[in-house]
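Survey of secondary and tertiary structure
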Amino acid sequence: MIRSRYIKTALLITRRFLPALLLLAMCVIMPCSAWAAAAGTIVVGGDHNYPPYEFIDKDGHPAGFNVDLTRAIAEVMGMSVEIRLGRWDEIRRALRTGEVDIVQGMVQADVRAKDYDFSPPHSIINQSVFARRGTKPVRDLNDLKGKEVFVQNGGMMHDYLLEKNVGARIVPVDTHIDALRQLAAGKHDYALVGNLPGLYLSREFGLSNIVPVGRLFAGQPYCYAVKKGNEQILSQFSEGLAILKNTGRYQKIHDKWLGALEPPTVSWRKILTYAAITALPLLLLLSAIGYINRRLAREVALRTQEMQLQQQQLIQADKMASLGVLVSGIAHEINNPTGLLLYNLPVLKKIFRSTEEHLEQRFQKEGDFMIGGLRYSQFREDIPLLIDEMQDGATRIKRIVEDLKDFARKDTSQMDQSVLLNDVVRAALRLVDNSIRKTTGNVVTTLAEGLPAVRGNAQRIEQVVVNLVLNACQALPDPTKGIFLSTSFDAERNEVLLQVRDEGVGIASEDLHRIADPFFTTKRETGGTGLGLSVSASIIKEHQGTMVFESEPGEGTSVRVALPALQGA
């Protein structure tokens, strides 16, 4: 009886205190960052002085490209993160001991592969050799032999020089700015630092007597990194990074921090890579066509036509890629002054309103007077209107530039977007507005309200609308003739409809059935290629839609595009 009572008492104590004992054991065994991760917070480490990628701002808060990227990834992945910035060697030590779960920027290299796992790169880092002005260029690592070289303690270049043993005297410092300041002050020979941070810090701190004298390394991938084996956290950040790149949010963060320091360029290496990728399938096609020509003479014409079409499409794709690079650069240059206008014009209007009362009092006392070459009675009416017109014009410029960037952006060919046809038509009309105004002053647009969405690719459908409107412009004999666009919904067939009609010269009946054939054009002498309507027909076919032409010579042409509406839209 007594023994049974002891057993019951022991079981009761065990049930009451066992959870608390287990919780205490977890606190003792698990590192701080692992405990934080288990509680839902991921500790992200970084360098406290590596601008513009990551640094502590003047208010004492983490800032930079890496910091904004980490916060955006945490937002789209639904994660809670704590960003800790400190000395780079201490952050690496914290990653090894588990106090930090992941670092948001580390150069990927073979020498580090045994200790760390890396995400896909979010940037490319170029390392440069900085020296005082007048120093001879550094062409290879042998030029560093016997020299005194600053490197960041625990940084990529520190690891690399230790591994390669090039014969340089290594001078480790805590941060890049420590290296650059001491170099500018006349100490030691070189500083081996990241090119962008080096240029940024030299400009920020006025170190005008030091310049890059050599770039010994190709661009190196700059990634998120975790301690070897911590793949679960790494996969979350890799997935979030992919989402940001696909949605365009990554590019906005990149432009904010790196756009001004890293203008868009296309390297020769990338051009040669693309050329090789393009040339290989073309060579295979040519070999296959030669074989078919020897064995199956009847198919020579068909194969040749297919090859020509593919070649033209590749050329067109290359032109669009080049246009995308050009538009990106131009858009940056246009957006800067436009942004200044959009920022300053409301200020000017506010200043005018604040002085209006004093000017009005003077007007009441002294009568009309001259100001800026205008009578005040005219000035007070015209100036607010002028400011509003300028602000509207600047807003329109910004919108046109954004539309042009969207149109020239690389097509991912994803066909699973929910597309609103009216929005696509409006964007296309803004793009070709200049061509329309040069051709005619009579454009009528009737867009039905409440249209259901269609499934497909908005960029490719926009390409079709642009082609149809430009063809309509080219068909008009004089500016008095018009172009008419309308959208509607056929509920019986569950189709969203677009109709583009012009009052142009029309199409001959013998040409009408060939109008969408590849390379067929009646405007070859004016530069027509015969690909615009052919590509448009292919795009509509990919969307399971139809495109029908109706035309009479001298009466104009009507094009009717039908796209299946989303079910339940």
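Everything below is about the structure shown above.
Keep in mind it's a predicted model, so treat the numbers as computed, not measured.

1. Concerning the overall build of the protein chain
Of the regular secondary structure elements, the protein chain holds 17 helices and 23 strands. Counting every position in the protein chain, which comprises 569 residues, the buried fraction comes to 38%. Considering only residue pairs separated by 6 or more positions, the protein chain has 72% of its internal contacts joining residues 24 or more positions apart. As presented, the protein chain carries roughly 32,800 Å² of accessible surface, and 55% of it is formed by carbon and sulfur atoms.

2. Brief notes about empty space enclosed by the protein
The full count for this structure, using the stated rule, is two cavities of 30 Å³ or more. For the largest cavity, the calculated volume is near 200 Å³. Along its surface, the largest cavity is lined by 19 residues, and Y50, Q152, G155, M156 and H176 are the ones closest to its centre. Counted by class, the lining of the largest cavity contains nine nonpolar, seven polar and three charged residues.

3. Side note on the packing of helix α13 (residues 421–431) against helix α15 (residues 458–475)
At a closest axis distance of 9 Å, the pairing of α13 and α15 adopts a crossing angle of 50°. Between α13 and α15, the interaxial angle falls into the category oblique. Our pair here, α13 against α15, has a crossing hand that is right-handed. Residues L421, V424, V425, A427, A428, L429 and L431 of α13 pack against A458, I461, E462, V465, V466 and V469 of α15. Its residues assigned to classes, the contact of α13 with α15 comprises twelve nonpolar, no polar and one charged.

4. Remarks on unusual backbone geometry
With an omega of 5°, the peptide bond between P51 and P52 qualifies as cis. Position of P52 among the secondary structure elements: in the loop between β2 (49–50) and β3 (54–56). Phi at N165 takes a positive value of approximately 50°, unusual for a residue other than glycine. Turning to its location among the elements, N165 is positioned in the loop between α5 (156–164) and β11 (169–173). N165 sits in the exposed class, given a relative accessible area of 64%. Despite not being glycine, Q544 shows a phi value in the positive range, around 55°. With respect to the helices and strands, Q544 occurs in the loop between α17 (532–542) and β22 (546–552). You can call Q544 exposed: its relative accessible area is 63%.

5. Examining the side chain of S119
Checked against the element boundaries, S119 lands in the loop between β7 (116–118) and β8 (123–125). Residues contacting S119, with those up to four places away along its chain left out, are C223, Y224, L234 and S238.

6. Notes on a nonpolar patch on the surface
A contiguous nonpolar patch, built from Y343, V347, L348 and I351 and spanning about 410 Å² of accessible area, is present on the exposed surface. Tracing the sequence through the fold places I351 in helix α11 (residues 300–366).

7. Re the pattern of salt bridges
All told, the structure shown has 19 salt bridges when counted by the stated rule. In this structure, the salt-bridge partner of R84 is E82, at a minimum N-O distance of 2.9 Å. With a relative accessible area of 32%, R84 lands in the partly exposed category. A salt bridge links D115 to K114; its shortest N-O distance comes to 3.9 Å. Overall, the relative accessible area of 36% leaves D115 in the partly exposed class. The exposure class assigned to K114 is exposed, which follows from its relative accessible area of 60%. It is possible to trace a salt-bridge network through shared partners that takes in R87, D89, E90 and D174.

8. What about the pairing of β22?
Burial along β22 is one-sided: M547, F549 and S551 are buried, and none of T546, V548, E550 and E552, which face the opposite way, are. Pairing between β22 and strand β23 (residues 556–564): seven bridges, direction antiparallel. When the bridges of β23 are listed, T546 appears paired with A562.

9. Notes on the environment of N344
Checked against the element boundaries, N344 lands in helix α11. As for N344 and Q391, which are separated by 47 residues in sequence, their C-alpha atoms are 9.3 Å apart.

10. Structural notes on the sheet that holds β2
As summarised here, the arrangement of the three strands in space is β2-β3-β4, forming an open sheet in which the pairing is antiparallel. A single partner strand is all that each edge strand has here, and the edge strands are β2 and β4 (62–63). Direction of pairing for β3 relative to β4: antiparallel, over a ladder of two bridges. By the bridge assignment, F55 is partnered in β4 with A63.

11. Details of the environment of N142
Within the element layout of this structure, N142 appears in the loop between β9 (127–132) and β10 (148–152). Overall, the relative accessible area of 63% leaves N142 in the exposed class. In this structure the C-alpha to C-alpha distance between N142 and A168, which are 26 residues apart in sequence, comes to 8.9 Å.

12. Description of the packing of aromatic side chains
Under the counting rule described, the total for this entry stands at twelve aromatic pairs. Members of the aromatic cluster, connected to one another through ring pairs, are Y50, Y53, F65, Y222 and Y250. Directly above the aromatic system of F369 lies the positively charged group of R362, at a separation of 4.0 Å from the ring centroid.

Reading guide: rules and limits
Residues numbered from 1 in each chain as written. Predicted model: local features only at pLDDT ≥ 70, side-chain atom pairs only at ≥ 80, totals over all residues. Heavy atoms only, no water. Helix = DSSP H or I, 4+ residues; strand = E, 2+ residues; numbered from the N terminus. Buried < 20%, exposed > 50% of the residue type's maximum accessible area, 1.4 Å probe, protein only. Contact = heavy atoms within 4.5 Å. Areas by Shrake-Rupley, 256 points an atom, 1.4 Å probe, with all protein chains shown as cover. 1 Å grid on protein atoms, 1.4 Å probe; cavity = no way out; pocket = protein on both sides within 12 Å on 5 of 7 lines; lining within 4 Å. Points joined across faces, edges and corners; volume = space filled by probe spheres on them. Nonpolar A, V, L, I, M, F, W, Y, C, P; charged D, E, K, R; others polar. Axes fitted to C-alpha atoms, helices over the stretch in contact; angles between N-to-C directions. Parallel < 35°, antiparallel > 145°, perpendicular 65-115°, else oblique. Left-handed = near helix turned anticlockwise from the far one by under 90°. Patch = residues over 30% accessible without salt bridge, like charges linked within 9 Å, V, L, I, M, F, W, Y side chains within 5 Å. Salt bridge = Lys/Arg side-chain N within 4 Å of Asp/Glu carboxyl O. Pairing = 2+ DSSP bridges. Phe/Tyr/Trp six-rings, centres within 6.5 Å; stacked < 30°, edge-to-face > 60°. Lys NZ or Arg CZ within 6 Å of the ring centre and 35° of its normal.

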